Amino acid sequence: MKLIAAIVCVAVAASMAAAQEMCRCSKMADTTCDSVIPTGPDTCVTTPVPCDKCYCDMDPDAELMCEMVTREAFLPTGDGDMCAFREINVVICPPADMPTATPMPPMPTPTEEPPTELLWRVGTGSCNDVCGRDGLTCNEAQTQVLNALGASDIAAFGVGMAIATGETCAATAFCNPGGACPFSGPVLIPSVGGFQCGYDLINPPTCEATIVFPPTASRTCCCGPAEFCPTTMP
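A short tour of the structure in this document, coming up. Because the structure is a prediction, the values reported are computed rather than measured. (Residues numbered from 1 in each chain as written. Predicted model: local features only at pLDDT ≥ 70, side-chain atom pairs only at ≥ 80, totals over all residues. Heavy atoms only, no water.)

### A few points about the state of the cysteines
Thinking step 1. Counted by the stated rule, this structure contains 6 disulfides.
Thinking step 2. Here Cys44 engages in a disulfide with Cys83; their sulfurs sit 1.6 Å apart. Within this pair, whereas Cys44 is found in strand β4 (residues 43–56), its partner Cys83 is found in strand β6 (residues 83–92), the two being separated by 39 residues in sequence. For the pair Cys44 and Cys83, one class covers both residues: buried.
Thinking step 3. The disulfide that involves Cys222 links it to Cys229, with 2.1 Å between the sulfurs. An S-S torsion of about 85 degrees defines the bridge between Cys222 and Cys229 as right-handed. For the pair Cys222 and Cys229, one class covers both residues: buried. (Disulfide = S-S within 2.5 Å. Helix = DSSP H or I, 4+ residues; strand = E, 2+ residues; numbered from the N terminus. Buried < 20%, exposed > 50% of the residue type's maximum accessible area, 1.4 Å probe, protein only.)

Below you can see the structure in the form of structure tokens.
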């Protein structure tokens, strides 16, 4: 089993980041970031990847405004290849400049809204569990339709996940053929700088499948007729 996780790289903020929400900032273009690749529940490796970084700048002439947030991230502990989840303060570049591990298309304009009555649900456990909490029934076939977009059209997968979860995919994670997929996509995975959207290249997700790893991931499930679980804008 091999899990590839593409993680957005952002700059670690100064200590003031925990006390403020926005700061004037500058951007370091064409530099490198460490991409953290999980290799197990408590191990990982890092590899440098090209990226842009933003950092808070006391210069009043700094033209950009950056968001400063506290996020939980899966990071090296300093003990060999051991990794663990911990909270860090990060500075996020303005959306137009935010680097992504997998480029995603621009999201639809605010005037293009999905149907108001959606039966997509996000939660822990199996899709039977996720849907059952609202008295609904898992639609396995339509859940598989969303998952399959990850392998066939990554841009359409990003749009479908935004409709289903209300979150923008800053990056994607996927399982390669050749082993058991630990998360049985589609899933939403919190990470530094936003959310990773995961899909399963090995087996179509089932209503009974649960997430083994990572522990912070949530299943994305269709819980009703397909027409109430759209994957495209009307």
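### As for the pattern of salt bridges
Thinking step 1. What the rule picks out here adds up to 1 salt bridge.
Thinking step 2. A salt bridge links Asp134 to Arg121, with the shortest nitrogen-to-oxygen separation between them at 2.7 Å. Taken together, the residues span a long stretch of sequence, with Asp134 in the loop between α1 (127–132) and α2 (140–152) and Arg121 in strand β7 (residues 120–123) at a distance of 13 residues.
Thinking step 3. Judged by its relative accessible area of 46%, Asp134 is partly exposed.
Thinking step 4. On the accessibility criterion, Arg121 (23% relative accessible area) is partly exposed. (Salt bridge = Lys/Arg side-chain N within 4 Å of Asp/Glu carboxyl O.)

These figures capture arrangement, not role.
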